[in-house]
Amino acid sequence: MASNLNPNWAQLLETLKSNGSNKHFSKHSQRSDGATEKTALGKRKERSNENSEAVKPNPLVPTSSDCSLTDVVAMDCEMVGVSSLGNKSALGRVTLVNKWGNVIYDEYVRPLEHVVDFRTKISGIRPRDLRKAKNFNVVQKKVAELIKGRILVGHALHNDFKALLLSHLKKDIRDTSEEGRSRSLKNLASQFLDVEIQNGEHCPVQDARAAMLLYQKNRKEWDRSIKDFIRLKEKQKKRKKKKKLKHGES
């Protein structure tokens, strides 16, 4: 015969069960609250990092809207491949920016020879770009007018001059490839401007702006060294003339 459970004992068991479930519930609540707080803090940190990156200014974006022709201009050219194998470079696009980085000239160019390789992965030039492109002679003449008597900045400018069939006074050339010990413009921009360029297709506007900024960072020292070099050359010429005169008299 089953004995009846003492009412007091039954009440005690119910109390113990109730306390145990509450304790478990409170622990669970603490964990969820802590997790929520941690998650919220983590999100705040992520958002703050995102905001700091978003606020970081891009040095290649011009700070002035002035598009006038200045005493210093930067140039960059993109090439396409001509000849039977496409291994000969020809001008496909030329861009000039002023000292603030604003574009003063940007044209696609129709080469004199048939294009075999558009070199799109680097040049960014596609067949459609050259359908309405300007003739080489027209672009060459305009570029010559724009750079005449001005300081010209660029990277490995000898390649651009070769493609344009132009030359420029050495005293007015500021070539970042020479100052950077033949390092690429991409590496110089990353190290000294803290900006990434040429990740894929090249943009001549960006490249010209990067070269201009590199020049402006060291403009005083660079211009001074050019002037000192010119003075030294002039002194050497004078010395040679004096020696020739002395030999002639004797």
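The rules behind the values
- Residues numbered from 1 in each chain as written.
- Predicted model: local features only at pLDDT ≥ 70, side-chain atom pairs only at ≥ 80, totals over all residues.
- Heavy atoms only, no water.
- Helix = DSSP H or I, 4+ residues; strand = E, 2+ residues; numbered from the N terminus.
- Buried < 20%, exposed > 50% of the residue type's maximum accessible area, 1.4 Å probe, protein only.
- Areas by Shrake-Rupley, 256 points an atom, 1.4 Å probe, with all protein chains shown as cover.
- Core = buried A, V, L, I, M, F, W, Y, C linked by side-chain atoms within 4.5 Å.
- Contact = heavy atoms within 4.5 Å.
- 1 Å grid on protein atoms, 1.4 Å probe; cavity = no way out; pocket = protein on both sides within 12 Å on 5 of 7 lines; lining within 4 Å.
- Points joined across faces, edges and corners; volume = space filled by probe spheres on them.
- Expected span 1.5 Å × (residues − 1).
- Arc of directions from axis to C-beta.

## Structural notes on the overall build of the protein
Helix and strand counts for the protein come out as nine helices and seven strands. When each of the 250 residues of the protein is scored for burial, the buried share is 32%. If you sum the accessible surface of the protein, you get close to 17400 Å²; carbon and sulfur atoms cover 52% of it.

## With respect to the nonpolar core
Core analysis: the biggest nonpolar cluster contains 20 residues, and Met75, Leu91, Val94, Leu96, Val143 and Leu152 have the highest contact counts within it. For this core, the secondary structure elements donating two or more residues are strand 1 (72–82), strand 2 (88–97), strand 3 (103–110), helix 4 (136–147) and helix 5 (157–164). Of all the elements, helix 4 adds the most residues to this core, at five residues. Other than its neighbours up to four places away in sequence, Leu96 contacts Val73, Ala74, Met75, Asn102, Val103, Ile104, Tyr105, Val143, Leu146, Ile147 and Leu152.

## Digging into the layout of surface pockets
A water-sized probe rolled over the atoms picks out the places where empty space is left. Volume-wise, the largest pocket comes out at about 710 Å³. Taken together, 29 residues line the largest pocket, and the ones lying closest to its centre are Met79, Ser89, Asn159, Asp160 and Ala163. Mapped onto the lining of the largest pocket, the elements with two or more residues apiece are strand 1, strand 2, helix 2 (120–123) and helix 5. Roughly 410 Å³ of internal volume is contained in the second largest pocket. Lining the second largest pocket are 18 residues, and of these Lys170, Lys171, Ile173, Ile226 and Phe229 sit closest to its centre. Of all the elements in the fold, those that place two or more residues in the lining of the second largest pocket are helix 5, strand 7 (173–175), helix 6 (176–179) and helix 9 (219–249).

## Side note on helix 4
Along an α-helix, residues three or four positions apart point the same way, because every turn accommodates 3.6 residues. A rise of 1.5 Å per residue sets the reference length of helix 4, with its 12 residues, at 16 Å; its end C-alpha atoms lie 17 Å apart and thus fit the reference within 8%. Burial in helix 4 covers these residues: Phe136, Val139, Gln140, Val143, Leu146 and Ile147. The buried residues of helix 4 occupy one face: seen down the axis, they fall within an arc of 130 degrees. Those residues of helix 4 that are buried are in contact with strand 1, strand 2, strand 3, strand 5 (134–135), strand 6 (151–154) and helix 5. Downstream of helix 4 by one or two residues, Gly149 has phi in the positive range, about 75 degrees.

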